[in-house]
Amino acid sequence: MGHEAQRRMMSSRAVVVGLSGLGVEVAKNIILAGISSVVLCDPEKPNSFDLGGNFYLTEQDVQQNNGKSRAELCQNKLAELNEYVKVEVASQVSSLKDEAALLNLIQGASCVVVTVPLSTPLLCAIDEKCRASNVCFIYSLSTGVFGKVFCDFGESFVISDKDGENPATSQVENILTSNPAVVKVLEDQGRHGLETGDHVTFSRVKGLDGLLSDKATYEVKVTGPFTFELVNVDASQCSEPASQGYITQVKTPVTMSFRSYREALADHGELMMSDFAKFDRPPLLHLAYRALASYAESHDMMYPMPGDMAAASEVLSLAKSMDTEKLLGSDNNAAAERIILHLSSGSRSILSPMCATLGGIVGQEVLKSCSGKFTPINGFFYFDADECLTDSPLSSSDVSPTGTSRYDSNIAVFGKETQQKLLDLNYLLVGAGAIGCEMLKNWALMGVACGEKGKIHITDMDRIEKSNLSRQFLFRNSDINEFKSATAARAAKAMNSSMNIVAYQEKVGPDTEDIFGDDFYDKLSGVCTALDNVEARLYVDQRCLFYRLPMLESGTLGTKGNTQVVIPHVTENYGATRDPPEKSIPVCTLKNFPNQIQHTLQWARDYFEGEFKQNAEDVNAYLSSPDYASSLSGQQGSKLETVMSIRKTLVDERPVSFEDCVVWARLKFETLFNNQIRQLLFNFPEDQVTSSGTKFWSGSKRCPKALIFDLNDKCEDAHMRNHFDFIVAASNLRAHMFGIKGRTDEEYFVEVLQNVIVPDFTPKDGVKIASTDAEAKESENDQASAPAEMDADQILESLPKPGELAGFKLNPIEFDKDIDDHMLFVTACSNLRALNYAIPTEDTHRSRAIAGRIIPAIATTTALVTGLICLELYKIIGSSQKDLKIDAYKNGFVNLAIPFMTLSEPTPPAKTTAMLKGKKWEWTAWDSFDMNMGDITLEEFIRFFESEYNLDVSMISHGVSILFSFFANKKKLAERMKMKMSEVVTSVTKKDLPPNQLCITFEIIANDLDTDEEVELPYVKFRFR
């Protein structure tokens, strides 16, 4: 959110009216975000429909009827989420029909959110009072698989940052001396990303006679992806063009105007879309909700009971009477009427996935109203997942509620058959972080794996850290250092004691196939991933492909989120399409020619790794290995460098006191930020030109300057004492590595540094510095082929013998972005190098984000994507009354900052065509030859393909091992022909098959017996147990 937006939120107060499912979801999300205070207003007693979406209510709360309201029952549990947020109940409101009491809540609030049905006159009164009091108003409802959101933030709402994206930055290649001045950016840094009318600032511009001030902003007129003009800037009188500099976009505030609820109800205007396959749906839902409100107002604000088709028909009649846009008089009349009937029949139902989806959206709208950051929804937004529903409403007997069951809401929409399928599910949930916690909450309310046959397996290797608590809402302060999976399982079971759940602390990967093997996947209904890396997702994807299991995949990146549903034989698998790999930083750029803070941070991280981790590990390896010299024989290119590093660390520069560590740090400063730069400038002077006559130091190559050590120096961009910070952080890390006690008091460092003698440095001739990646590679090859063997052996001989240092061991330090001492070193080291090259510096907070590539997960987006995924789960389990095609499933992409949502049909799997027995056969990545004939012999295996598919098998392989080929040794082949297939595998691979392995995969090459043409075939899935 940023510091300013967070500061505004921490002084804001929100009123949440209605604590059924959606209200508690919104409250949870804004409390986790750190709003100052939340007022809960709901005097109503809980009912069984609330249990479908409210994770803090229990069946006992409904059955006991102890007199407590929904708000009172939820208050303490919501308050536990964030100790810094004040959570109170509006006890002065005794009825949600009491207009005066509700209007009294508005004064002093930043935002009022209504999440339960109120009469239209009352809603208009609340909205008008909010507008008069400069308070934002939000109205949202979750009714079955349909939902609505309305926002009115007043006539003039100022947005400080409309999209939350980092300001566009680029680097100057040149600025022409023209009128107006024309800017060309470096193309290898990408497009400038600006639009005409944007404003930019410049810094560290080289040339143009100082025309461009660092403190002024300039309007842009875009002329191309890499060029733009500066409006009203005349550079024609400058003596030279600019050749270098940094460009930063300036974000300017935007003002939005909103219509009142009364105005928008009469004329909805442009409606935000979520699914372009249903472009006509938003106006239809606007009509349907108006009709439903009219019905409720004539029935004591009560919606129709599930399956009450007479009431649903009354709503439909009301809709027809209000239909001024003729939405129900078109050719698609039956389809439109179906939507209204389904909405009416399920209108009392509070479904957890819908509450999560809408709660994520509405929660973010509340945060926008409090912070002024991101673009709000202007007017109405409608959302539905009617693909989950049967073609016609279910009978009243199939959807009738019990009045006490947690599953009444589910049954009201999907019926008892579907609810039983949910209870019997067996699912693997991989990950118990932000998405994993939200998923378990939804599943507990839906009843997933809460029947006798059902079971959830959840695994996560990580333990809970304090930083997790703001978005992983199942965890509390008392859970810190506990395993995530076990804690999340306990919390979910507390929500629904019937949930059957087993927690693991294992990574799902090749190393744990003894746990998660054939027998494990054989019992699963599907897999849900809640992972934070692509590699793990790809592995799980391959498992789902092999076992033909549905996979539910989702991810978030700040306010952005995506969902993907993978259905066997229907959609492509997750790994079928991949993003291109990230562009890596060239070696010569990192070593000698950085031009962005990302370059200097990567260099600082690499230096940390080498100095405090690799050096210590090399020393420990030398001290613990009886024959260290032979272990170095495989690394001839770096052997000399390794042993020289060991000698330096163990002998030449080994500290005995903390003072030695401080001296070492001061000398390192001189080497890194002064001497090396002076040597670079000796090799490539500032006025050097290339063979083509252009300046060497131009474009992306920034001419550096050596730094003079100054303990009191403070950089102008980040306002950090980088010189001092580097010495403190480096000396303490060095001390920790050697087991010496460190210190941080400034007086001590000032005293020690005064007495440090820094040797004079003179640049040397003959030092090679690579100016391109090709030269760097050539230099590596030269080093690898140099006759360094003898020198390395001599140095090894001169080292103290391990026996002489018995018990001595260094502490290797693994970089961790969450440890402040580590980040202080990396930030100071990066900033000093940035100062060398006149690159703008960054503070520790920003450096941590860049170095760790951090875009924090936020509760709103996490709730939204898990809600969307759980709606897909309803479709996967399906109904006997409806056969779903690919267009019923939806992949999603959302950006809550803009706001934007698009749901789209998944891509079908790619097909391969083969000719089998003269007939065309199309197969996909989901297909295989499934052989369940027991552990037959190799000879029987080959004959099977001859007789069944008319194929002549010429080669069989398993992994990298060839088990059978036409060119193999005849004697060996004859022996193998009589062996069982499992015996052939163990014989060739020299590995036993695990006891829990049921299937072996084989790849075969075969030709058609009639045509002798090779046939492209899928793998063979051979069940031998």
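Higher on the page you've got the structure.
Residues numbered from 1 in each chain as written. Predicted model: local features only at pLDDT ≥ 70, side-chain atom pairs only at ≥ 80, totals over all residues. Heavy atoms only, no water.

Draft legend 1. Spatial organisation of the sheet that holds strand β19 (residues 526-529). Taken in spatial order, the eight strands of this open sheet run β18-β17-β16-β19-β20-β21-β22-β23, and their pairing is mixed. Each edge of the open sheet is held by one strand with a lone partner, namely β18 (501-504) and β23 (900-904). Taken over all neighbouring pairs, the strand axes of this sheet differ in orientation by 10° on average, direction set aside. Pairing geometry for β19 and strand β20 (residues 551-557), over two bridges, is parallel. Residue pairing in the sheet places C528 in a bridge with L552 of β20. Sheet contacts for helix α15 (residues 484-495): β17 (455-459) and β18; angle to β18, the most-contacted strand, approximately 165°. (Pairing = 2+ DSSP bridges. Helix = DSSP H or I, 4+ residues; strand = E, 2+ residues; numbered from the N terminus. Axes fitted to C-alpha atoms, helices over the stretch in contact; angles between N-to-C directions. Contact = heavy atoms within 4.5 Å.)

Draft legend 2. The arrangement of the nonpolar core in detail. Counting 169 residues, the largest nonpolar core has L78, V112, I126, V366, L440 and W443 as the members making the most contacts within it. The greatest single-element share of this core, amounting to ten residues, is contributed by helix α29 (residues 859-877). In contact with L78, other than residues within four places in its own chain, are L19, V24, A27, K28, I31, L40, Y56 and V87. Residues F608, L707, L733 and I740 belong to the second largest nonpolar core, which totals 75 residues. (Core = buried A, V, L, I, M, F, W, Y, C linked by side-chain atoms within 4.5 Å. Buried < 20%, exposed > 50% of the residue type's maximum accessible area, 1.4 Å probe, protein only.)

Draft legend 3. Expanded view of the packing of helix α27 (residues 820-836) against helix α28 (residues 844-851). In contact at an axis separation of 10 Å, α27 and α28 are set at 90° when each is read in the N-to-C sense. One element, α27, and the other, α28, form an angle in the roughly perpendicular class. Residues D820, M823 and T827 of α27 lie in contact with α28, whose contacting residues are T844, S847 and R848. Each residue belonging to the contact of α27 with α28 can be placed in one class, and the counts come to one nonpolar, three polar and two charged. (Parallel < 35°, antiparallel > 145°, perpendicular 65-115°, else oblique. Nonpolar A, V, L, I, M, F, W, Y, C, P; charged D, E, K, R; others polar.)

Draft legend 4. Broad picture of the state of the cysteines. For the structure on display, the rule yields zero disulfides. Its sulfur unpaired, C715 is 14 Å from the next cysteine sulfur, which belongs to C829. C715 sits in the buried class, given a relative accessible area of 3%. (Disulfide = S-S within 2.5 Å.)

Draft legend 5. Layout of the environment of N410. Within the element layout of this structure, N410 appears in helix α13 (residues 408-423). Separated by 357 residues in sequence, N410 and G53 place their C-alpha atoms 9.8 Å apart. Non-local contacts of N410, meaning those with residues more than four positions away in its chain, are made with S349, L351, G415, Q419, L422, L445, M446 and Y874. Polar contacts involving the side chain of N410 include one to the main-chain carbonyl oxygen of M446, which spans 2.9 Å. (Polar contact = N/O pair within 3.5 Å; in protein donor to acceptor, adjacent residues only side chain to side chain.)

Draft legend 6. Layout of the pattern of salt bridges. According to the stated counting rule, one finds 46 salt bridges in the structure shown. The salt bridge involving K28 is made with E25; its shortest N-O contact spans 2.5 Å. Pair noted here: K28 and E25 are both in helix α2 (residues 21-33), with a separation of three residues, about one helical turn. E25 matches K28 in its accessibility class, with the two residues each being buried. Linking D300 and K97 is a salt bridge whose minimum nitrogen-to-oxygen distance equals 2.5 Å. Pair noted here: D300 is in the loop between α8 (281-297) and α9 (309-322) and K97 is in the loop between β3 (86-89) and α5 (99-104), with a separation of 203 residues, a long-range link. Using a relative accessible area of 53% as the deciding quantity, one classes D300 as exposed. With relative accessibility at 51%, the residue K97 sits in the exposed group. The structure contains a network of salt bridges with shared partners spanning K278, R281, R338, D384, D386, E387, E872 and K875. (Salt bridge = Lys/Arg side-chain N within 4 Å of Asp/Glu carboxyl O.)

In short, shape yes, function no, at least from these values alone.
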